[in-house]
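Fold and geometry: a report
The primary structure of each chain is shown beneath.
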Amino acid sequence: MGNSHGKDYIRIDPEDMHSDCRRPLFRPLAGSPFRAPFRLEPDMHLVGFATGDRGGKIVPMKKDIVINSTANEHRIAILEDSRLAELFVEAPGKERMVGDIHLGKVAKVMPGIRAAFINIGLQQDAFLHFSDIGDSLQEYNALFDEDDEDDEESPHDSAAPLSPLPPATGQSPEAGAAVVEAPASEQRPRQSEERYPRREVNLQRGQDILVQITKEPVGKKGVRVTSEISLPGRFLVLLPFDGKVGVSKKLSNFKERRRLRKLVRSFVPPGFGAIIRTVADGKTEELIRQDLDELIKVWRNIEKAVKTETSPALVYKDMDTTSSVIRDLFSDNVEHVVVDDKKLYKEIRAYVQWMSPDMLDRLELYRGKEPVFDKYGVEKDIQTLLTRKVWLKSGGYIFIEKTEAMTVIDVNSGRYAAKREQEQNSLRTDLEAAREVCRQLRLRDIGGIIIIDFIDLDEDKNRKKVYDEMKKELRRDRAKVTALPLTEFGLMQLTRQRIRQSVQLSFSEACPACAGTGLIQSKTTTINNIERWIKRFKSESREFRLVLKVNPSVAEFLHQGTISRLTKIMFKFFVKIKLDTDPAIPADDFRFISTKSGNDVTDQYRL
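Residues numbered from 1 in each chain as written. Predicted model: local features only at pLDDT ≥ 70, side-chain atom pairs only at ≥ 80, totals over all residues. Heavy atoms only, no water.

1. Quick look at the nonpolar core
With 54 residues, the main nonpolar core has Ile-65, Ile-67 and Val-337 as its most contacted residues. Apart from the residues within four sequence positions on either side, Ile-65 is in contact with Ile-76, Ala-77, Ile-78, Val-325, Leu-329, Phe-330, Val-334, His-336, Val-337 and Val-338. Ranked by size, the runner-up nonpolar core spans 28 residues in total, among them Leu-392, Ile-400, Ile-450 and Ile-455. (Core = buried A, V, L, I, M, F, W, Y, C linked by side-chain atoms within 4.5 Å. Buried < 20%, exposed > 50% of the residue type's maximum accessible area, 1.4 Å probe, protein only. Contact = heavy atoms within 4.5 Å.)

Right, dumping it as C-alpha cells:
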C-alpha cells in the first residue's frame, strides 16, 4: 500500500493480517514518518491497499456537524465518514438540563440507601448519592495521576461537565466539600461502593446545598445531582475549590502538554483548578486566558446568586444543546459545520469568531432547496431509530428490544449464507453486527445494562475476535462503557453510562392503548370480562335493564354473527342491554350504566 507520492510507509505482516481482522499491527518501513509499530485508532483508517508488501498512509476519520433548525426543534447530527454517528434533539419542553446548577434544599436523608433527595424546584426531587458528597481526594486520585499529568474532560452529552469541589451552602470546605460523578469518558465505573472507604455524611433535612445536574430524568426517576461543581468552557473546564491542573489524555504531544499546564498554572486564581481540553492544543495564551476569565466571571455570578436567592432556585443555566455541541465537539478533526438557519448561523459564527477564529472557514450556511438532512442522508438514518430491526449489509440483521431493566439486542444471520462453512459465516455476521451495535448504541443513546445475543461460535479465538471488535468500536464512544467477554452461550454483557433519555423518546411517546407494551387485551377476553361482570351484577341486583358503553371495535365484535354475541349474552342472563359506543373508552375496558338510576355502576361490581 502506498501514499500519494508512490512511496510505501508501512507494511502488515502476513501472519497479522486476516480477512476479519479490523485492527492489524502496522510496521514502519525505511523512510517512513512512523517510528514504531502501531495499530489503527478508532478515528483513523487506511487509504489505499495493495498486495505484496503492504503500505499505506493514515488519515483521520472525516467528521461533519449538520444542524437542522425549525420553529419547534433543533436537530444536530454528527457524521463520521458521511454516516450518522450521533444525534441530538432539542425541542420546547425537552431542554437539556445536564450542567445546570441549583441552590437546593435537602428534602430527605435516607442512610439505608446512602442517598439524599434534594428539592431543586422540579416536579421530582433530585437524587444525591452519598458517594457524591464529601472529600473527593480519593476519587480525584483515580482520575488524576499523582504527578497531575493526565485527565480528560470530554463530556458525554456534549456538555456533561466534570465536577469540582464546592462546599455545601452554609458548610465549611471540610464538612461540605462534595464529590461528583465524573461525566463521560472520564467516569470510572463503580465496581462497589466499598471501593472507597465510607465516610460520615452530615446532611440535615432543610439544609441548603449547591448541586449540579449530572443526569437527565429517565422514566419515573428524577435527575441525579452532585455537590461538586464544574464549569466547562471552550478550552478549559473550571473546577472551583480544587487546586489541580490536568491535561486531556488525548493531547499526546509532551511539549505541548507541559506548555499548556505551565501556562494555565501561571494565571489560574488561587483555590481554583482546571482541566485543559483537547481543543486547547496549539492555542495562544490570549485565547486560553480569555476563556478562563469568562468562566471565572460565571462563577462569581453564581456566588452572588447563592447569597441572594432563596432555595430552591436555579442559579446557573448551562448552554443549550446546539451551543454545547459547538463548544465541545467542534474540534480540528471536524471538517465542516453546516447550518440551515440564518439566525442560528450568525450566533454560531459569532461564538466561533470569538473563541476559534481560525476555524471560521469551516462554518457554512446551507442555502440549498433540498432539506439539509436529506442532502447529507441523515433523514434515512433517523428513520431506523424508530424501528427495532436494523439490517446489515451482509443480509443479516440485529433486533433491539428495550425492557424496563435492560436493553436486549439479538443478532441474526437473516438471508446471509456465503459459500463458507457455518463458523466463518457466523463470525462474519457477528463482526459486522458488532460494528453496527456500537453505532446504534451511540445513535440511540442507549444506557444502562445491555445484553447482546451473538450467533453462536464454537472456537474461542473467534469469540475473542468479536470481543476485540466490540472493544475497538466502543473506543469511539464518549460515554463510559464496560464490556465483558462473550459467554459460552454467545452473550455479551455491557453497561453504558446513561446521562439523558434515549433519543427515541424525543421522537415518540408511549402508545395510549397498550401503554408501550405493543400488546392489548383481545376482544374475546373483554367479552368474557363483561359476562363475568353481569353475573356478579345479577347475583346482587334485581335490575334487568342496563346501558353498556364500549369501544367501537368491541361493539362491532359484539354485533357479529347470525345471532349476535350481544343477543346471546342477553338471553343467557335475562337482561336487556342497550349498546352505546364511545371512542374514548379503551378497547380492553367497558362501562355499565343503570337505566333505572342513570348512575355508572361498573366499579360497584368489578373485582
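2. Examining the packing of aromatic side chains
The way to describe two aromatic rings as a pair is by their centre distance and the angle between their planes. Summed over the entire model, instances satisfying the criterion amount to seven aromatic pairs. Between Trp-533 and Tyr-605, the aromatic rings sit 5.6 Å apart at their centres with planes inclined by 85 degrees, giving edge-to-face as the arrangement. With Trp-533 in helix 12 (residues 523-540) and Tyr-605 in the segment after strand 28 (590-594), the pair connects residues that are 72 residues apart, well separated along the chain. The exposure class assigned to Tyr-605 is buried, which follows from its relative accessible area of 10%. Cluster of aromatic residues (ring-pair linked, three or more members): Trp-533, Phe-537, Phe-590, Phe-592 and Tyr-605. For the cation-ring pair, Lys-389 lies above Tyr-397, with the distance from its terminal atom to the ring centre recorded as 4.5 Å. Above the face of the Phe-590 ring, Arg-606 is positioned so that its terminal group lies 5.1 Å from the ring centre. (Phe/Tyr/Trp six-rings, centres within 6.5 Å; stacked < 30°, edge-to-face > 60°. Helix = DSSP H or I, 4+ residues; strand = E, 2+ residues; numbered from the N terminus. Lys NZ or Arg CZ within 6 Å of the ring centre and 35° of its normal.)

3. Notes on the pattern of salt bridges
The tally for this structure, following the rule as stated, stands at 31 salt bridges. In this structure, the salt-bridge partner of Glu-80 is Lys-63, at a minimum N-O distance of 4.0 Å. Separated by 17 residues along the polypeptide, Glu-80 in strand 6 (residues 74-80) and Lys-63 in strand 5 (residues 63-69) bring together distant segments of the chain. In this structure, Glu-80 and Lys-63 share a single accessibility class: buried. The salt bridge partner of Arg-442 is Glu-80, with a shortest N-O separation of 2.9 Å. With a gap of 362 residues between them, Arg-442 in helix 9 (residues 422-444) and Glu-80 in strand 6 connect regions that are remote in the sequence. You'll find Arg-442 and Glu-80 in the same group, each marked buried. Salt bridges sharing common partners tie together Lys-63, Glu-80, Glu-86, Arg-435, Arg-442, Glu-469, Lys-472, Glu-473, Arg-476 and Arg-478. (Salt bridge = Lys/Arg side-chain N within 4 Å of Asp/Glu carboxyl O.)

4. Let's talk about the sheet that holds strand 13 (residues 231-232)
Two modes of strand pairing occur in sheets, parallel and antiparallel, and in both the strands are linked by backbone hydrogen bonds. Strands sit in the order 13-14-16-15 across an open sheet of four strands; the sheet is mixed. Either end of the sheet is taken by a strand with one partner, and the two such strands are strand 13 and strand 15 (245-247). Both strand 13 and strand 14 (residues 236-240) contribute to a ladder of two bridges, which runs antiparallel. In the strand pairing of strand 14, Pro-232 is matched with Val-237. Helix 4 (residues 285-308) contacts strand 13, strand 14 and strand 16 (272-276) of the sheet and is inclined by roughly 35 degrees relative to strand 14. (Pairing = 2+ DSSP bridges. Axes fitted to C-alpha atoms, helices over the stretch in contact; angles between N-to-C directions.)

5. What about the environment of Ile-585?
Of note, Ile-585 is situated in the loop between strand 27 (576-581) and strand 28. Classification of Ile-585 by relative accessible area gives buried; the value is 8%. Along the chain, Ile-585 and Asn-551 lie 34 residues apart, while their C-alpha atoms are 5.4 Å from each other. With near-sequence residues (within four places) excluded, Ile-585 lies in contact with Lys-549, Val-550, Asn-551, Phe-590 and Arg-591.

6. Concerning the environment of Gln-521
Looking at where Gln-521 falls in the secondary structure, it is placed in the loop between helix 11 (504-507) and helix 12. Sequence separation of Gln-521 and Asp-589 is 68 residues, and the distance between their C-alpha atoms is 9.2 Å. Excluding residues within four positions of it along the chain, Gln-521 makes contact with Thr-526, Asn-529 and Asp-588. At 3.0 Å, the side chain of Gln-521 and the side chain of Thr-526 are in polar contact. (Polar contact = N/O pair within 3.5 Å; in protein donor to acceptor, adjacent residues only side chain to side chain.)

7. Some thoughts on the sheet that holds strand 20 (residues 389-391)
The strand order across the open sheet built from six strands is 20-21-22-23-25-24, with neighbouring strands paired in mixed fashion. Among the strands making up the open sheet, the edge pair consists of strand 20 and strand 24 (481-483). Strand after strand, the sheet turns through a mean of 20 degrees between neighbouring axes, direction not considered. Judged from the six bridges that link them, strand 23 (residues 448-453) and strand 25 (residues 491-496) form a sheet pairing that is antiparallel.

8. Re the pairing of strand 7 (residues 83-90)
With respect to burial, strand 7 is a largely interior element, seven of its eight residues being buried. Across seven bridges, the pairing between strand 6 and strand 7 is antiparallel. Along strand 7, the bridge assignment pairs Ile-76 with Phe-88.

9. A closer look at helix 12
Between its first and last C-alpha atoms helix 12 spans 26 Å; for 18 residues at 1.5 Å apiece the expected length is 26 Å, and the two agree. On its buried face, helix 12 is in contact with strand 26 (545-550), helix 13 (552-559), helix 14 (565-573), strand 27 and strand 28. (Expected span 1.5 Å × (residues − 1).)

10. Section: unusual backbone geometry
It is generally the case that most residues other than glycine have a negative phi and that most peptide bonds are trans. Here the amide bond leading from Ser-311 into Pro-312 is cis, since omega sits at -5 degrees, within 30 degrees of zero. Examined against the element boundaries, Pro-312 turns out to sit in the loop between helix 4 and strand 17 (313-316). Of note in the backbone geometry, Ser-82 takes a positive phi value of approximately 65 degrees without being a glycine. Mapped onto the elements of the fold, Ser-82 is located in the loop between strand 6 and strand 7. Phi angles above zero are rare outside glycine, and Arg-114 is one such case at about 50 degrees. Note that Arg-114 resides in the loop between strand 8 (101-110) and strand 9 (115-119). By relative accessible area, which is 16% here, Arg-114 ends up buried.

11. As for the pairing of strand 22 (residues 406-412)
A one-sided burial pattern is seen for strand 22, the buried positions being Thr-407, Ile-409 and Val-411 and the unburied ones Met-406, Val-408, Asp-410 and Asn-412. Pairing between strand 21 (residues 397-402) and strand 22: six bridges, direction antiparallel. Looking across to strand 22, one finds that Phe-399 is bridged to Asp-410. Taking the residues between adjacent antiparallel strands as the criterion, strand 21 and strand 22 are bridged by three residues.

12. Points about the confidence of the model for the protein
Keep in mind that low pLDDT regions are not for reading the predicted coordinates in detail. Averaged over every residue, the pLDDT of the protein is 76; the share at 70 or more is 76%. Here residues 1-23 scores under 50 on pLDDT; set against residues more than four positions off or in separate chains, the count is 76 contacts. Low confidence marks residues 136-196, where pLDDT is under 50. Its contacts with residues over four positions away, or in another chain, come to 214 contacts. (pLDDT = per-residue confidence, 0-100.)

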